[in-house]
Amino acid sequence: METQSRHFKENVAAAILDDDLKGAMSKLTSALRPKRASAVAGLPEFDQLRDHGIAIRMHTLDHIDTYLAQFEDNVIANGGHVHWCADEDSARQTILDLCRQHDVRTVTKGKSMVTEELGLNTFLDSHGILPLETDLGEYIIQLRGEHPSHIIAPATHLQREQIAETFRQSHTHLDADRPMDTAESLTEEARQELREKYGAADAGITGANFMIAETGSTIIVTNEGNGDLTQTLARVHIVVASLEKIIPTMEDAGVLLRLLARSATGQDMSVYTTLSSGPRRPGDPDGPEAFHVVLVDNGRSGMIGGSEREMLRCIRCSACLNHCPVYAAIGGHAYGWVYSGPMGKVLTPSLTGLDQAPDLPNASSFCGKCEEVCPMRIPLPKLMRNLRTKQTEMKMTSMRQRVILALWSQLASRPALYRLVTGTVTRILARIAGKRGAFRWLPMTGGWTKMRDLPAPEGGGFFARYNASRKGDH
Ligand code: SF4
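Note that this is a predicted model, so its numbers are computed, not measured. (Residues numbered from 1 in each chain as written. Predicted model: local features only at pLDDT ≥ 70, side-chain atom pairs only at ≥ 80, totals over all residues. Heavy atoms only, no water.)

**Student:** Looking at this model, I keep getting lost on the site of the ligand. Mind explaining?
**Tutor:** Inspection of the region around the ligand gives 13 residues, with C314, C317, S318, C320 and C374 positioned closest. With respect to the pocket detection grid, the ligand is positioned in the largest cavity. Taken together, the residues that form the shell around the ligand break down as eleven nonpolar, one polar and one charged. (Near = heavy atom within 4 Å. 1 Å grid on protein atoms, 1.4 Å probe; cavity = no way out; pocket = protein on both sides within 12 Å on 5 of 7 lines; lining within 4 Å. Sits in = over half its atoms within 2 Å of the grid points. Nonpolar A, V, L, I, M, F, W, Y, C, P; charged D, E, K, R; others polar.)

See below:
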């Protein structure tokens, strides 16, 4: 998928004026935040589980070459095949070659963010292979010609009425006057549309939440069961997964799956947890004739030894998105690529290049909520700061920004001067603002005042208030 992250600011300007989006984001955050909080409160050992999960991920990253090799050996022993792909071109071509090798014309797909990175649907379509998304959210956005706006809820930017309209326009063989005013009726219609397609597909393509080295198995979790149907009913099962999804053992999977479901949707476990360990064996009642794993690097190996290494611990739970005030205001599409929210602000520039996503590491209020809720305790604010430092070192920031930061650095490193200047400026601004207590415009604050007033400082600065509070004045 071609990144549009360079257009972040324009995308944001459009997103914050979109009332449908505002309503949809409000529903998402008000539903998922309390669910996660309640799930975490219901598991007293959640923090120990986090420590355990982090240890698993860090150990695996330290020995990723060993575990990937072990995984490949076991996939082959199970009768499957592993294909190593350095970048998106080679991954796309490998999948196309596999489709041709197995005479595949139609493909059902389970939700997979890596295949979004590859722009796989468009690529397969252009080579005469028909891909059909089977996750409900992915199905909806495929009909609309859009990309996911959330890593576990791809159509979360849409209101129910918009989805009903999409179905009316797409399912033209159905009664035009059918009632479509409930989530249940929309889900049932999608289910009926998809059901017959599973059996008719030649291949099923899924992602993987984890790959288990000791057994050569891949795991996907869903709440709809579409992953099971995708991979068991087609002749060929192709798993497309990025390198860092590898973990050593089945026991490790148990730890990470408990963290994943609670952090994502507040469930103890996702409804379906499906393991794939090769093609159908003699005596198996179902399963694919052929099993392939396409291992995609696409920039990950470059991160392993770099300053964004901790990002590779991510288990794609989406908790950081669901709790981010910036994501809640602008939705996922504004980020311009597959990954959005706080994790996208680090992952997108790391995988596509800082020059492709220069605004993302700066699009944060640094409230720290993302790190607080992340089951892997990924220090997202720190990683964003790392990327900002790189931008400055690479002179990617404007001259004006560099001059302001240099002046600020001089000021911040001289406490007496800092107090004098900030105290004076604070008093002047408070006086100018007067009773209104806010500015419609101030020099160099255009980005803020374009959309809203800028509150004026109230009373003294931080040190004045701090000193007053110590004297018991507050
Ligand atoms: S960064 Fe953390 S919270 Fe965000 S998706 Fe990844 S694991 Fe979940």
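**Student:** For this particular structure, what's the right way to read the layout of surface pockets?
**Tutor:** Over the atoms, a rolling probe the size of a water molecule traces out where space has been left empty. Volume-wise, the largest pocket comes out at about 2300 Å³. Together, 43 residues line the largest pocket, and M444, T445, G446, G447 and W448 are the ones closest to its centre. Among the elements of the structure, α1 (8–15), α15 (325–330), α18 (380–393), α19 (399–412), α20 (415–433) and α21 (446–449) are those that each provide at least two residues to the lining of the largest pocket. For the lining of the largest pocket, the element with the highest residue contribution is α19, accounting for seven residues. Classifying every residue of the lining of the largest pocket gives 25 nonpolar, twelve polar and six charged. In this structure, the second largest pocket spans a volume of roughly 1500 Å³. Lining the second largest pocket are 50 residues, and of these D135, I152, A153, P154 and E224 lie nearest its centre. Ranked by residue count, the leading element in the lining of the second largest pocket is helix α2 (residues 19–41), at five residues. A class-by-class count of the residues in the lining of the second largest pocket yields 26 nonpolar, 16 polar and eight charged. (Points joined across faces, edges and corners; volume = space filled by probe spheres on them. Helix = DSSP H or I, 4+ residues; strand = E, 2+ residues; numbered from the N terminus.)

**Student:** Looking at this model, I keep getting lost on the pattern of salt bridges. Mind explaining?
**Tutor:** One side chain can pair with another of opposite charge once the charged atoms of both are near each other. In total, this model carries 22 salt bridges according to the counting rule given. A salt bridge links R309 to D62; its shortest N-O distance comes to 2.4 Å. Residue R309 is located in the loop between α13 (300–304) and α14 (319–322), and its partner D62 is located in helix α3 (residues 46–62); the two are separated by 247 residues in the primary sequence. A salt bridge links D89 to R92; the nearest nitrogen and oxygen atoms lie 2.6 Å apart. (Salt bridge = Lys/Arg side-chain N within 4 Å of Asp/Glu carboxyl O.)

**Student:** How should I be thinking about empty space enclosed by the protein in this particular structure?
**Tutor:** Considering all chains together, one arrives at two cavities of 30 Å³ or more under this definition. Volume-wise, the largest cavity comes out at about 100 Å³. The wall of the largest cavity is formed by 15 residues, among which C314, C317, C320, C374 and I378 lie closest to the centre. Counted by class, the lining of the largest cavity contains 13 nonpolar, one polar and one charged residues. Space inside the second largest cavity adds up to approximately 80 Å³. As for the second largest cavity, its lining consists of 14 residues, and the residues nearest its centre are C324, P342, S364, C367 and C370. Elements that contribute at least two residues to the lining of the second largest cavity include exactly α15, α16 (341–352), α17 (369–373) and α18.

**Student:** Would you take a moment to explain the pairing of strand β10 (residues 290–296) for this structure?
**Tutor:** The side chains of a regular strand alternate between both faces of the sheet. Counting buried residues in β10 gives seven out of seven residues, a clear majority hidden from the surface. Burial of β10 is two-sided: the residues A290, H292, V294 and V296 facing one way and the residues F291, V293 and L295 facing the other way are all buried. For strand β1 (residues 81–85) and β10, the ladder comprises five bridges, and the chain directions are parallel. The residue bridging H81 from the neighbouring strand is H292, located in β10. Sheet topology note: the strand β7 (residues 236–242)/β10 ladder contains seven bridges and is parallel. Note that in β10 the partner of I238 across the bridge is H292. (Buried < 20%, exposed > 50% of the residue type's maximum accessible area, 1.4 Å probe, protein only. Pairing = 2+ DSSP bridges.)

**Student:** What's the story with unusual backbone geometry in this structure? I'm lost.
**Tutor:** If a residue is not glycine, its phi is most likely negative; likewise, a peptide bond is most likely trans. Residue K395 is not a glycine yet carries a positive backbone phi of 55°. Along the chain, K395 turns up in the loop between α18 and α19. Residue K395 is classed as exposed on the basis of its relative accessible area, which comes to 60%. One non-glycine residue with positive phi stands out, namely M444, at about 65°. M444 gets classed as exposed once you look at its relative accessible area, which sits at 61%.

**Student:** How should the sheet that holds strand β4 (residues 203–206) be read in this particular structure?
**Tutor:** Note on sheets: strands pair through backbone hydrogen bonds, and any given pair is parallel or antiparallel. Read across the open sheet, the six strands follow the order β1-β10-β7-β4-β2-β3; overall the sheet is parallel. Looking at strand neighbours, the two that pair on one side only are β1 and β3 (130–133), the edges of this open sheet. Strand-to-strand twist across the sheet, computed as the mean angle between neighbouring axes with direction ignored, equals 20°. Two strands pair when backbone bridges link them, and strand β2 (residues 106–109) and β3 are joined in this way by four bridges, in the parallel orientation. Note that in β3 the partner of K109 across the bridge is E133. Against the sheet, helix α5 (residues 88–101) makes contact with β1, β2, β4, β7 and β10, and its axis sits at roughly 170° relative to β10, the strand it touches most. (Axes fitted to C-alpha atoms, helices over the stretch in contact; angles between N-to-C directions. Contact = heavy atoms within 4.5 Å.)

**Student:** What is the right way to look at the packing of helix α10 (residues 183–200) against helix α11 (residues 226–233) in this model?
**Tutor:** A pair of packed helices is characterised by two quantities: the angle between their axes and the separation of those axes. Interaxial distance between α10 and α11 falls to 8 Å at its minimum, and their mutual angle equals 30°. One way to sum up the angle between α10 and α11 is to call them roughly parallel. Listed contacts from α11 to R195, Y198 and G199 of α10 are N226, L229, T230 and L233. For the contact of α10 with α11, the class distribution of residues is three nonpolar, three polar and one charged. (Parallel < 35°, antiparallel > 145°, perpendicular 65-115°, else oblique.)

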